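# Architecture at a glance
Below, each chain spelled out in residue letters.
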Amino acid sequence: MSNPTHGNGIRLILVDAPGLFRTSLGRYLASEPGLEMAGECETPAEALDLLKDAKTDVVLVDLDAFTDKSGGFFSTARQAGYQGQFLIVSGALDARKSAMALRLGVAGIFLKAEPPDRLVQAIKRVAAGETWIDLKVINSMADQLIDQRPQFSSCKHANALEDREREVLLGIVEGLSNREIGDKMNLAESRVKNLVLRLFSKASVRTRSQLVRVTMDGSWEAARGLLEHRESRQPESSRLVASSDYHEPLG
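Residues numbered from 1 in each chain as written. Predicted model: local features only at pLDDT ≥ 70, side-chain atom pairs only at ≥ 80, totals over all residues. Heavy atoms only, no water.

## A short note on the packing of helix H9 (residues 189–203) against helix H10 (residues 208–216)
Between H9 and H10, the shortest axis-to-axis distance is 10 Å and the interhelical angle comes to 55 degrees. With respect to H10, the axis of H9 lies oblique. Between H9 and H10 lies a crossing of left-handed hand. Each of Val 196, Leu 199, Phe 200 and Ala 203 in H9 lies in contact with H10, whose residues at this interface are Arg 208, Leu 211 and Val 214. By residue class, the composition of the contact of H9 with H10 is six nonpolar, no polar and one charged. (Axes fitted to C-alpha atoms, helices over the stretch in contact; angles between N-to-C directions. Helix = DSSP H or I, 4+ residues; strand = E, 2+ residues; numbered from the N terminus. Parallel < 35°, antiparallel > 145°, perpendicular 65-115°, else oblique. Left-handed = near helix turned anticlockwise from the far one by under 90°. Contact = heavy atoms within 4.5 Å. Nonpolar A, V, L, I, M, F, W, Y, C, P; charged D, E, K, R; others polar.)

Shown next, in the form of structure tokens:
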């Protein structure tokens, strides 16, 4: 477990097995302007010890190190007063663990196969309060939910999604802005904004990031059918979800 350094950048803790990848990544991130390593460790338990002594903005956690099925690391860190963000950095896709991590408040999921400069971008977005989810992870999670064959897409309850709401939600999951969604749907940006607010109300959330999370982790029943009808609009490797939080009233 490494000692923290001190400075004014975004402070990071890297939780990963010791080896070439962790060493190389730690050095790379420490050399990047605006980033700073607060420490490196192997296990979530060691990360909790580091969080006691080091001001940390983002904790990068290898998904393979996330073995506590109860999510004890994340909840314990919050209970201990950690106010920063968690970013999963994984070498493999695991839809079940990804969905569980999102339910526990992880701000992003990044695949190790992506370029390191994109990881820097993800760290900065997450530190700013945004959500970052690799599209391959989204597709894997969606496939898992489809295989479970939920029956909610045909429900006619009050919170069921209308066609335009589904299209707007797809756009949000793909990381599009209101203007970009409006251009695709031939709708005014103000109309898209109203549809977004309706989605907030139906999902009982207040931000785009929260909307993405409840859509992808399967906890919002009304959105589960959306995943069965999603369109492959961009190549998997070219699109990431990076949805900015914005705190608008629901009404």
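## Things to note about the pairing of strand E1 (residues 10–15)
Extensive coverage of E1 is indicated by the burial of six of its six residues. Covered by surrounding structure in E1 are Ile 10, Leu 12 and Leu 14 together with Arg 11, Ile 13 and Val 15, the residues of both alternating faces. As judged from the six bridges shared by E1 and strand E2 (residues 35–41), these two strands associate in the parallel manner. Paired with Leu 14 across the strands is Glu 40, a residue of E2. As defined by bridge partners, E1 adjoins strand E3 (residues 58–62) across four bridges and the pair is classed as parallel. Across the sheet, Leu 14 pairs through a bridge with Leu 60, a residue of E3. (Buried < 20%, exposed > 50% of the residue type's maximum accessible area, 1.4 Å probe, protein only. Pairing = 2+ DSSP bridges.)

## Some remarks on the nonpolar core
Ranked by internal contacts, the top residues of the largest apolar core, which has 50 residues, are Val 59, Val 168, Leu 211 and Trp 220. Counting residues per element, this core draws most heavily on H9, at seven residues. Setting aside its immediate chain neighbours within four residues, Val 59 contacts Ile 13, Val 15, Leu 51, Phe 73, Tyr 82, Gln 85, Phe 86 and Leu 87. (Core = buried A, V, L, I, M, F, W, Y, C linked by side-chain atoms within 4.5 Å.)

## Examining the packing of aromatic side chains
In this structure the tally under the stated criterion is four aromatic pairs. Ring centres 5.3 Å apart and planes at 55 degrees place the aromatic pair Phe 73 and Phe 74 in the tilted group. Exposure class is identical for Phe 73 and Phe 74. Each is buried. For the ring pair Phe 74 and Phe 86, a centre distance of 4.7 Å and an interplane angle of 80 degrees mean the geometry is edge-to-face. Of the two residues, Phe 74 is situated in helix H3 (residues 72–79) and Phe 86 in strand E4 (residues 85–90); the sequence distance between them amounts to 12 residues. In this structure Phe 74 comes out as buried when scored by relative accessible area, which is 1%. Judged by its relative accessible area of 1%, Phe 86 falls in the buried class. Through a chain of ring-to-ring contacts, the aromatic side chains of Phe 73, Phe 74, Tyr 82 and Phe 86 assemble into a single cluster. One residue, Lys 112, lies across the ring of Phe 21, its end atom 4.3 Å from the ring centre. (Phe/Tyr/Trp six-rings, centres within 6.5 Å; stacked < 30°, edge-to-face > 60°. Lys NZ or Arg CZ within 6 Å of the ring centre and 35° of its normal.)

## Quick word on the environment of Asp 134
With respect to the helices and strands, the residue Asp 134 is situated in strand E6 (residues 131–134). Along the backbone, Asp 134 and Phe 110 are 24 residues apart, and their C-alpha atoms lie at a distance of 5.8 Å.

## Comments concerning the side chain of Arg 22
Relative to the elements of secondary structure, Arg 22 occurs in helix H1 (residues 20–31). Looking at Arg 22, its side chain comes within polar contact range of the main-chain oxygen of Cys 41, at 3.1 Å. In this structure Arg 22 touches Leu 14, Asp 16, Ala 17, Glu 40, Cys 41 and Glu 42, once residues within four positions along its chain are discounted. (Polar contact = N/O pair within 3.5 Å; in protein donor to acceptor, adjacent residues only side chain to side chain.)

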